[in-house]
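Structural description and commentary
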Amino acid sequence: TVSVLNCEPLHAAPHTMVATWAQMKQSGAKTPAKTSGCVRGLAKGHQVTKLERPIRTNQRQALAKKKLAAVKEVVLETAGFTPYEKRCVELLKVQREKRCLRFAKRRLGTFLRGKKKREIMGNIM
């Protein structure tokens, strides 16, 4: 067993507070505090090496794709708008943006999807 009293002090500089939120955002992600391997103290904790995480699937799939955009354009030209999209366009024509957003939100499931669809329908008009 290792004695708690024999731990060496941490030689790293203490963490300094950032003055403003803007500076905090510029500094980026917080770095985890260095650990000394001691059981007690400010730098307590088991020393580990951080693993490099791969890019998550949802972040990779969210990137814009040229082929997918071309397919969506062809489908829109051949099939036209869906009934709810036509209603969104009609609501936007009579200056009912908020009603259009509520309608799209209910049809698509989330607020952000509704906002995106309302923006697309507004650009098409």
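The structure under discussion appears in the preceding block.
Residues numbered from 1 in each chain as written. Predicted model: local features only at pLDDT ≥ 70, side-chain atom pairs only at ≥ 80, totals over all residues. Heavy atoms only, no water.

**Section: the side chain of Glu-85**
With respect to the helices and strands, the residue Glu-85 is situated in helix α4 (residues 83-93). Glu-85 sits in the buried class, given a relative accessible area of 9%. In contact with Glu-85, other than residues within four places in its own chain, are Lys-117 and Met-121. (Helix = DSSP H or I, 4+ residues; strand = E, 2+ residues; numbered from the N terminus. Buried < 20%, exposed > 50% of the residue type's maximum accessible area, 1.4 Å probe, protein only. Contact = heavy atoms within 4.5 Å.)

**What to know about a positive patch on the surface**
A cluster of basic residues, Arg-87, Arg-96, Lys-98, Arg-99, Arg-102, Lys-105, Arg-106 and Arg-107, forms a positive patch at the surface. In terms of residues, the positive patch owes the most to one element, helix α5 (residues 97-108), which gives six residues. Secondary-structure assignment places Arg-102 in helix α5. (Patch = residues over 30% accessible without salt bridge, like charges linked within 9 Å, V, L, I, M, F, W, Y side chains within 5 Å. Areas by Shrake-Rupley, 256 points an atom, 1.4 Å probe, with all protein chains shown as cover. Salt bridge = Lys/Arg side-chain N within 4 Å of Asp/Glu carboxyl O. Lys, Arg positive; Asp, Glu negative; His and termini not counted. Charge placed at Lys NZ, Arg CZ, Asp CG, Glu CD.)

**Topic: unusual backbone geometry**
Backbone geometry at Gln-95 places phi at a positive 60°, although glycine is not the residue there. Assignment of secondary structure puts Gln-95 in the loop between α4 and α5. Owing to a relative accessible area of 59%, Gln-95 belongs among the exposed residues under this scheme.

**Some points on the pattern of salt bridges**
Applying the stated rule across the entire model yields two salt bridges. Measuring nitrogen to oxygen at the nearest pair gives 2.7 Å for the salt bridge that ties Glu-85 to Lys-117. Residue Glu-85 is found in helix α4, and its partner Lys-117 is found in helix α6 (residues 111-124); the two are separated by 32 residues along the sequence. Note that Glu-90 is salt-bridged to Lys-93, the shortest N-O span being 3.8 Å.

**Let's talk about the nonpolar core**
Tyr-84, Cys-88, Val-89, Leu-91, Leu-92, Cys-100, Phe-103, Ala-104 and Met-121 form the largest nonpolar core, which has nine residues in total. No other element matches the five residues that α4 contributes to this core. In contact with Leu-91, other than residues within four places in its own chain, are Arg-96, Arg-99, Cys-100 and Phe-103. (Core = buried A, V, L, I, M, F, W, Y, C linked by side-chain atoms within 4.5 Å.)

**Things to note about the packing of aromatic side chains**
Under the defined criterion, the tally for this structure stands at zero aromatic pairs. Directly above the aromatic system of Phe-103 lies the positively charged group of Arg-87, at a separation of 4.3 Å from the ring centroid. (Phe/Tyr/Trp six-rings, centres within 6.5 Å; stacked < 30°, edge-to-face > 60°. Lys NZ or Arg CZ within 6 Å of the ring centre and 35° of its normal.)

Just geometry here; none of it tells us what the structure is for.
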